[in-house]
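Each chain, letter by letter, is given below.
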Amino acid sequence: MNESEKQFSFTRAALSTCRAKKQFPISPMPNSMPHSIVAAAFLLAHLPALAADSAVIAHIDQRPWIINAGGVLKSETELTIENHRGQAVDAWVKIRVPGKPDCMESLGSLPPGANKRVVHVPELTTDGDPVAFAIHDNAAGNTAPIDAKTLPQQKIRHWRIYVGHNSHMDIGYTDFQEDLKTKKWPGFWDQALFEDMPRSDSWPDDSKVRLEVEGVYQLDTSLPVRSADWFETLRERLAQGRFAYGAAFGNNAHSNWGAEELARSCYPAERHFKDKTGVESTKNIIMRDEPVLSWGVIDALVEAGAKSFAFQHNADHNPWRGTTTYPELFYAQGRNPANRLLVWNAPVGNYSIDELGFRDKDLTKLTAAISAKLMGYQAGGTNNHRYPYDLVMANFTYDGDNRPMDPQVYDNIKALNDKGYVYPRIINANYDQFFEDVAARWGDKIPSFKGTIEDWWNFGAASTAYETGINRMNHDKLAAAETLATMAGIAIPERRHPSEALAGAYENLLLYDEHTWGSPTPAVDEQWRWKRNTAIASDVASTK
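Residues numbered from 1 in each chain as written. Predicted model: local features only at pLDDT ≥ 70, side-chain atom pairs only at ≥ 80, totals over all residues. Heavy atoms only, no water.

J.: How would you sum up the side chain of His 515? Please name residues and give values.
T.: Counting through the fold element by element, His 515 comes out in the loop between α14 (499-512) and α15 (526-543). Note on His 515: relative accessible area 5%, which makes it buried. Only 3.5 Å separates the side chain of His 515 from the side chain of Thr 516, close enough to count as a polar contact. In contact with His 515, not counting residues within four places along its chain, are His 168, Met 169, Asp 170, Asn 251, Ala 253, Arg 288, Asp 289, Glu 290 and Trp 457. (Helix = DSSP H or I, 4+ residues; strand = E, 2+ residues; numbered from the N terminus. Buried < 20%, exposed > 50% of the residue type's maximum accessible area, 1.4 Å probe, protein only. Polar contact = N/O pair within 3.5 Å; in protein donor to acceptor, adjacent residues only side chain to side chain. Contact = heavy atoms within 4.5 Å.)

Next up, the structure:
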């Protein structure tokens, strides 16, 4: 049978069916009319009528949520089906994936108009495998489909979202510094230790509440105003990995640091607090507000024990934000090529924006935001050089400075995990969990950069030039004073080394060079005087 005969056969059969159903009037075909023209005329004349009497797959949207269906991993796909029949129709979809058995899934009753239905697609072998969706009017799928579409689809990654919790440390921005140290920060840790963590002890491990303080100064200054029993509870939670501290003293502005200060920047965590608690830090540096990373700092931090660095930048002064030129995940290489920090460069434009909606009580919004984020990362498949990984970090802090953790976030994470999805895993995590997992799985594929990410935030140092000048002198004077005190101790053995006074002076040195420059409204107030006095106290200690 030639092509014209095939077309004629199809047309005659179609017309006979239509005549039998009395769907439209039929006149006898002129014998002289070519069969191909008859076929074309039929299709052009009646295709709109046929389309109007059907259900059509209008959109196919993949989602990152994966279930385990009897040992078979299947990912969610949302179908938008337009029912043009004028009445509800019961429908099923047959899903065909290369190399896998066909599967049928009920779509339920589709009323007229647009309908969204979530179906489950067996895991693909590779990115770009063609997946066929065929709509049927029976559960067996043994008749011609109402509509069908075949499109290349992405192999959904086995995503893990690590959510790191903390309170952004702004020393003297929202509150007087002594109130932060003796009231507000200790209250945050009370909430974590005696409310949030015990409440989640029986939860699955991924959902258990974890907390890593942003700077060890926040935690260390809480110890004098809490009891020995409180401290033992803290030690227990530190040993469990439920409470954690990183290698950073605070959010220090690297452009303010001197050489000795640079070398000692991790002492408060890696030496002093470790000695007090007997528990190691996460070896992570959290940098909020002021995303700066000096080239020389990389070597100093790595050689002091730090392994990772988590940026979450503030959007103020956005045109100068240098971190946007870097990918979300990279190694920062020091002057010594062997020294590298693994950096998570948070893509969100502000340190306290709830990027995915974890604070929202509406889980539908949260799941939609997570879907959009992860599928955005998957765009481009395995050729996506921007983000080829299957792990992401959500640096999570409350909406503002010096604020407590939000229990709603913990509840939402548990609620999502309780839905039974295999992936994405949503993990309440300390930062070292994320970085260790990334390094183990992707270390040799993560790009490296070397140089300095310039400081665009540090207006404070120049705005108080006199005090900044004093502290710059302290960088050298304090180191000299320590050296002379050591020599004096050798010459006069009975002379006690002023170790406590020197430790306090170095702490004041770091506090002045920390990123917070007084309260939101510039004024000569208590908060500024406290900041100013750290430079003066360090100066006095260096000249005694």
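Having seen the model, we can carry on.
J.: Give me the lowdown on the nonpolar core, citing residues and values where you can.
T.: Judged by nonpolar contacts, the single largest core of 54 residues is most densely connected at Trp 189, Leu 234, Phe 243, Leu 293 and Phe 309. With sequence-adjacent residues up to four places away left out, Phe 309 is seen in contact with His 254, Asn 284, Ile 285, Met 287, Val 292, Leu 293, Leu 301, Leu 341, Leu 342, Val 343, Trp 344 and Phe 435. With 37 residues, the next largest nonpolar core counts Val 163, Ala 310, Leu 329 and Phe 434 among its residues. (Core = buried A, V, L, I, M, F, W, Y, C linked by side-chain atoms within 4.5 Å.)

J.: A description of the pairing of strand β3 (residues 89-96) should follow, citing residues and the corresponding values.
T.: Pairing between β3 and strand β4 (residues 103-110): seven bridges, direction antiparallel. By the bridge assignment, Ile 95 is partnered in β4 with Cys 103. Where β3 folds back on β4, the antiparallel hairpin that results is connected by six residues, among which Gly 99 adopts a positive phi of roughly 80°. In this structure, β3 lies alongside strand β6 (residues 130-136), joined through five bridges in antiparallel fashion. The residue of β6 that forms the bridge with Trp 92 is His 136. (Pairing = 2+ DSSP bridges.)

J.: Talk me through the packing of aromatic side chains; I want residue IDs and the actual numbers.
T.: For any pair of aromatic rings, geometry is given as the distance between the ring centres together with the angle between the planes. Scanning the model with the defined rule gives 19 aromatic pairs in all. Measuring from centroid to centroid gives 6.1 Å for Trp 185 and Tyr 217, while their planes differ by 85°, and the two rings are edge-to-face. Residue Trp 185 is found in helix α3 (residues 177-200), and its partner Tyr 217 is found in helix α4 (residues 216-220); the two are separated by 32 residues along the sequence. On the accessibility criterion, Trp 185 (0% relative accessible area) is buried. Each residue in the set Trp 159, Tyr 162, Trp 344, Tyr 377, Tyr 387, Tyr 389, Phe 434, Phe 435 and Trp 442 is aromatic and connected to the rest through ring pairs, giving one cluster. The aromatic ring of Tyr 506 is capped on one face by Arg 264, whose charged end is 3.9 Å from the ring centroid. Cation over ring: Lys 414 sits above Trp 203, and NZ or CZ is 5.6 Å from the ring centre. (Phe/Tyr/Trp six-rings, centres within 6.5 Å; stacked < 30°, edge-to-face > 60°. Lys NZ or Arg CZ within 6 Å of the ring centre and 35° of its normal.)

J.: How would you sum up the pattern of salt bridges? Please name residues and give values.
T.: For the structure shown, the criterion picks out 28 salt bridges. Here Lys 181 makes a salt bridge to Glu 178, at a shortest N to O gap of 3.2 Å. Of the two residues, Lys 181 and Glu 178 both sit in helix α3, three residues apart, roughly one turn of that helix. For Lys 181, a relative accessible area of 16% corresponds to the buried category. With a closest N to O distance of 2.6 Å, Glu 270 and Lys 283 form a salt bridge. Of this pair, Glu 270 sits in helix α7 (residues 267-277) while Lys 283 sits in the loop between α7 and β11 (284-289), and the two are 13 residues apart along the sequence. The exposure class assigned to Glu 270 is buried, which follows from its relative accessible area of 13%. (Salt bridge = Lys/Arg side-chain N within 4 Å of Asp/Glu carboxyl O.)

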